[in-house]
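Structural features, examined
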Amino acid sequence: MNHTLVSVSEFVLNCEINSQQKSYTTPILTMVYLVTLFGNFLVIVVIKMNRQLQTPMYVFIATLAVIDLLNSTNITPTIIAVLQDSSAVQHGLCFFQMIFVLYLEAMESLLLALMACDRYVAIVYPLHYPSIITNKTVLLIIIILNIIIALVHFPHMLFITEFSFCKTNVLNYCFCDYISMVKIACNVEAKHLNIFVPTSIVFGACPFALIILSYFRIAYAALKISSADGKNKVFNILSTHLLVVALFNVPLLTSYGLTGFGVKLSNEAYSTMIIVGNIVPPMLNPIIYSFRNRKIKSSIHKLFKGTKTFPEM
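The paragraphs below set out a description of the structure included in this document.

Rules and cut-offs
Residues numbered from 1 in each chain as written. Predicted model: local features only at pLDDT ≥ 70, side-chain atom pairs only at ≥ 80, totals over all residues. Heavy atoms only, no water. Helix = DSSP H or I, 4+ residues; strand = E, 2+ residues; numbered from the N terminus. Buried < 20%, exposed > 50% of the residue type's maximum accessible area, 1.4 Å probe, protein only. Contact = heavy atoms within 4.5 Å. Areas by Shrake-Rupley, 256 points an atom, 1.4 Å probe, with all protein chains shown as cover. Phe/Tyr/Trp six-rings, centres within 6.5 Å; stacked < 30°, edge-to-face > 60°. Pairing = 2+ DSSP bridges. Disulfide = S-S within 2.5 Å.

What follows covers the overall build of the protein. If you tally the helices and strands in the protein, you get 12 helices and 3 strands. Expressed as a percentage of its 313 residues, the buried residues of the protein come to 47%. Within the protein, counting contacts between residues at least 6 apart in sequence, those at least 24 apart form 79% of the total. For the protein, the exposed surface amounts to about 15600 Å²; the carbon and sulfur share of it is 68%.

Laid out in structure tokens, this is it:
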């Protein structure tokens, strides 16, 4: 490894996967990426074309699909390129990717919490739902969330401009990542890592707790349903939703939280948790939140049949 002053016009990504793993990791990632693109794009198109689906719940689902498309496109092609030995990333593009990852992770976490609250209001207070949750309210909340995320992550943008790299420009990771950059910077201070504790709480622990609380309250309401089929349907939906939420939140909370508290994780452990949290949920979200929905399934079926099924309202 070079221990002299190096140029920071570009960073070199070093994805620690052995040659045997590369042989099947690349095609798996490619397939996951293509499925993610197709599934989320299809959800966006169907909701956009069908005015009957342009209600608060489906606005949330479409927004989630947009976030998943952006996050997957931001990360997965880079990992695939690195595994194919194309590992150099321009300085500016690397910083952009790093900030974009943090931004989209925060947005998805908060959006999943909002979707849980939306279902809570719809099931527990169905008569008040139309007056509480409207399209205007949803759009306003999404705008406010974007502003909050930008403000909270502003220190990250300042910190990366402070870093100097005097020993190496090799990031031991599969894409440009804040923690990996901190590890090779020569002028790291406590503030550069301590910021992960409050951001992990605001964008990770709090939304996750809110989701659990909302689903617990929904489950409690479901126990009062007299129909056994109705109960099973609610609990089936909750279990699958919680699975996807856990796949997103637990790896990211664990990796960022432990790092923020000064716990050193191996490159392999950290990489695995971040990649799982960023790549798997975007592929599963359309299946869990959309394709099991009767109205969306019907719209997709009619779309592929070529029938005109989207009436003007």
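Following the structure, the description resumes.
Under the definition given, this model contains 6 aromatic pairs. When the ring of Phe 96 is compared with that of Phe 100, the centres are 5.2 Å apart and the planes differ by 25°; the resulting orientation is stacked. Within this pair, Phe 96 and its partner Phe 100 are both found in helix H3 (residues 91-124), separated by 4 residues, close to a single helical turn. Taken together, the ring pairs connect Phe 11, Phe 95, Phe 163, Phe 165 and Tyr 178 into an aromatic cluster.

In this section: the pairing of strand S1 (residues 10-13). Here S1 shows a clear split, with Phe 11 and Leu 13 buried on one side and none of Glu 10 and Val 12 buried on the other. The sheet contact formed by S1 and strand S2 (residues 88-90) spans 3 bridges and is antiparallel. Its bridge partner lying in S2, Glu 10 is registered against Gln 90.

What follows covers the environment of Val 59. Mapping Val 59 onto the fold places it in helix H2 (residues 56-83). Between the alpha carbons of Val 59 and Lys 48 there is a distance of 9.3 Å; along the sequence they are 11 residues apart. Look past the residues within four positions of Val 59 in its chain and what remains in contact with it is Asn 135, Val 138 and Leu 139.

Okay, the state of the cysteines next. In protein structure, a disulfide is the covalent linkage between the sulfur atoms of two cysteines. In this structure the tally under the stated criterion is 2 disulfides. The residue that forms a disulfide with Cys 94 is Cys 176, at a sulfur-sulfur distance of 2.0 Å. Across the S-S bond of Cys 94 and Cys 176 the torsion is about -115°, and the bridge reads as left-handed. Taken together, the residues Cys 94 in helix H3 and Cys 176 in the loop between strand S3 (170-171) and helix H7 (178-184) connect sequence positions 82 residues apart. Pair check on accessibility: Cys 94 and Cys 176 agree, each one buried. Between Cys 166 and Cys 186 runs a disulfide, and the two sulfur atoms are separated by 1.9 Å. Given an S-S torsion of about -115°, the disulfide between Cys 166 and Cys 186 has left-handed geometry. Note that Cys 166 is positioned in the loop between helix H6 (154-162) and S3 and Cys 186 in the loop between H7 and helix H8 (190-194), a separation of 20 residues in sequence. Overall, the relative accessible area of 32% leaves Cys 166 in the partly exposed class.

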